[in-house]
Amino acid sequence: MLSPLGYPLVEAASGSDARRCVTEQDFAVILIDLRTMTGGFDVAEFVRSRPRSTLTPLIFVTTGDRDEREMTMGYAMGSVDFIVAPVVPAALRGKVALFADLFAKTHELVERAQRLRMAASRSADALGLQMEMLDRMDELSRAKSDFVSKISHELRSPLTSVIGYVELLTDGGPGDPTPEQGRMLTIIERNSRRLLALIEDLLTMSRVEAGIFELSVGMVDLRELIHSVRDTTEPAVAKAGLELRVDVGADRMLTGDREQLERALLNLLSNAVKFTSPRGHVEIATRTEGDDALVSVRDTGTGIPLDEQEHLFTRFFRAKRSQEQEVPGTGLGLYIVKQIVELHGGAMEVESTPAGSTFTMRLPIGGPPADPLSLVRR
Ligand code: ADP
């Protein structure tokens, strides 16, 4: 009757045979024909007593005249059904198919839950490992920042002393230097200042990384700032055979950190001078756009290839050409400019072609936002 269902069927010839089968494998449903199997209820009790089959559905096939006591016993075993002879094949198949289907679904669920548990435990392991690595990297990064900061401090003091004495010698304090000595003193002073600037950049980088790079905000007169920067750069510009133009409109006040803005502007200007051939132009210009002041440095220099432009503000980045031609530099300048501008709540913009580059600092006139989170959002 059941073979048309196509399920694997196991037939037990006796009570002991049935007990053995139940011990050896799982069943979707067990039918016990009480008409032919003596001790059918004992078999049922055995089925219930085994952990493996304690929940397996039982169907008793019985004659209609079974007494109520038997029925009560049967039902007491739980998950039980009765089919009364004469058996209608379709009804029997219907019941068995229902249990088989339930069994298959339960199996599938158990397997899926097992797979999920395994996946979850694998993810938890991987996550734990990643967290450990992140902690370790954090630790290393902090150690590196500490190291850079300490070394930079240690280097700065003797260097400041060297520069002080060189200035004293240049000014003729202990006696006028000969022209040859004067030339040498100029070289010593220039290189010491370059070294000092590099140390300052490294210190700034470690402050940025430690999250303690802060601005000292006040009112900044952009016009005055730009003229001061122009005066500082003029000798280098002249030496490079360049023309420096300044295009600053009316007096323009801005809330920001004067010292840091000056530093950023000097960085942009020194790049413009460095990467522009003699007889070229460098221009500093300011204009207003809405609530922003735009300060740009334009040059007629070599430009930066498009595929390298996106890396310009990454620390230590130097364009291929600068490396090949061994142009001096560390690749920290633009990184620091970007940090300064972003701390002001602004953004850097670049336009560059083989005919020249323009670096623009876009700065909110009102100064850095009061809510530091808005910097992150921006
Ligand atoms: P540095 O000048 O010390 O190398 P920067 O961060 O200031 O570091 O600049 C990074 C690189 O970007 C430079 O090495 C150079 O290749 C390129 N670069 C910056 N400014 C200019 C410019 N005005 N023209 C051409 N290339 C530039």
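Residues numbered from 1 in each chain as written. Predicted model: local features only at pLDDT ≥ 70, side-chain atom pairs only at ≥ 80, totals over all residues. Heavy atoms only, no water.

### Quick notes on the site of the ligand
Reasoning step 1: In the vicinity of the ligand, 20 residues are found, and the nearest of them are N271, D299, S322, T330 and L334.
Reasoning step 2: In the model, an oxygen atom of the ligand is placed 3.0 Å from a nitrogen or oxygen of the A319 main chain.
Reasoning step 3: If the ligand stood free it would expose 530 Å²; the protein chains cover 96% of that surface.
Reasoning step 4: Secondary structure elements with two or more residues in the shell around the ligand: α7 (258–274), α10 (333–343) and β10 (356–364). (Near = heavy atom within 4 Å. Polar contact = N/O pair within 3.5 Å; in protein donor to acceptor, adjacent residues only side chain to side chain. Areas by Shrake-Rupley, 256 points an atom, 1.4 Å probe, with all protein chains shown as cover. Helix = DSSP H or I, 4+ residues; strand = E, 2+ residues; numbered from the N terminus.)

### Here's the deal with the domain arrangement of the protein
Reasoning step 1: On domain assignment, one finds that the protein holds domain 1 (3–94), domain 2 (123–210) and domain 3 (218–377).
Reasoning step 2: For domain 1 versus domain 3, the distance between C-alpha centres works out to 88 Å. (Domains from an automatic or database assignment.)

### With respect to the packing of helix α5 (residues 179–210) against α10
Reasoning step 1: One can describe the packing of α5 onto α10 by two numbers: an axis separation of 10 Å at closest approach and a directional angle of 50 degrees. By the angle between their directions, the pair α5 and α10 is classed as oblique. The element α5 and its partner α10 pack so that their crossing is left-handed. Note on element contacts: α10 touches α5 through Y335, I336 and Q339, opposite D201, T204, M205, V208 and E209. (Axes fitted to C-alpha atoms, helices over the stretch in contact; angles between N-to-C directions. Parallel < 35°, antiparallel > 145°, perpendicular 65-115°, else oblique. Left-handed = near helix turned anticlockwise from the far one by under 90°. Contact = heavy atoms within 4.5 Å.)

### So, the pattern of salt bridges
Reasoning step 1: Under the definition given, this model contains 26 salt bridges.
Reasoning step 2: Ionic pairing is found between R245 and E243, a salt bridge with its closest N-O pair at 3.4 Å.
Reasoning step 3: On the basis of relative accessible area, R245 is assigned to the partly exposed category, the value being 37%.
Reasoning step 4: With a closest N to O distance of 3.6 Å, R298 and E283 form a salt bridge. One end of the pair, R298, is in strand β8 (residues 292–299); the other, E283, is in strand β7 (residues 281–289), with 15 residues separating them in the sequence.
Reasoning step 5: For R298, a relative accessible area of 43% puts it in the partly exposed group.
Reasoning step 6: Via salt bridges that share partners, R287, E289, D292, E349 and R362 belong to a single interconnected network. (Salt bridge = Lys/Arg side-chain N within 4 Å of Asp/Glu carboxyl O. Buried < 20%, exposed > 50% of the residue type's maximum accessible area, 1.4 Å probe, protein only.)

### Describing unusual backbone geometry
Reasoning step 1: For the peptide bond that leads from A85 to P86, omega is 0 degrees, which places it in the cis range.
Reasoning step 2: Mapped onto the fold, P86 is located in the loop between β3 (80–84) and α4 (89–170).
Reasoning step 3: Unlike most non-glycine residues, R279 shows phi in positive territory, near 75 degrees.
Reasoning step 4: You can see R279 is positioned in the loop between α7 and β7.
Reasoning step 5: Note on R279: relative accessible area 76%, which makes it exposed.
Reasoning step 6: One non-glycine residue with positive phi stands out, namely E326, at about 50 degrees.

### Regarding the nonpolar core
Reasoning step 1: In this structure, L268, M348, F359 and M361 are the most contacted members of the largest nonpolar core, which totals 41 residues.
Reasoning step 2: Listing elements by their share of this core, those giving two or more residues are α5, α6 (222–239), α7, β7, β8, α10 and β10.
Reasoning step 3: Sequence-distant contacts of F359, defined by excluding residues within four places in its chain, comprise L268, V295, S296, V297, I304, L312, F313, L334, M348, E349 and V350.
Reasoning step 4: Counting residues in hydrophobic clusters, the runner-up holds 17 residues, among them V22, L34, F41 and F60. (Core = buried A, V, L, I, M, F, W, Y, C linked by side-chain atoms within 4.5 Å.)

### Things to note about the side chain of E189
Reasoning step 1: Here E189 is to be found in helix α5.
Reasoning step 2: Apart from the residues within four sequence positions on either side, E189 is in contact with V166, E167 and T170.

### Observations regarding the environment of M184
Reasoning step 1: Of note, M184 is situated in helix α5.
Reasoning step 2: For M184, a relative accessible area of 42% gives the class partly exposed.
Reasoning step 3: Put simply, M184 and V166 are 18 residues apart on the chain and 10.0 Å apart in space, counted from C-alpha to C-alpha.

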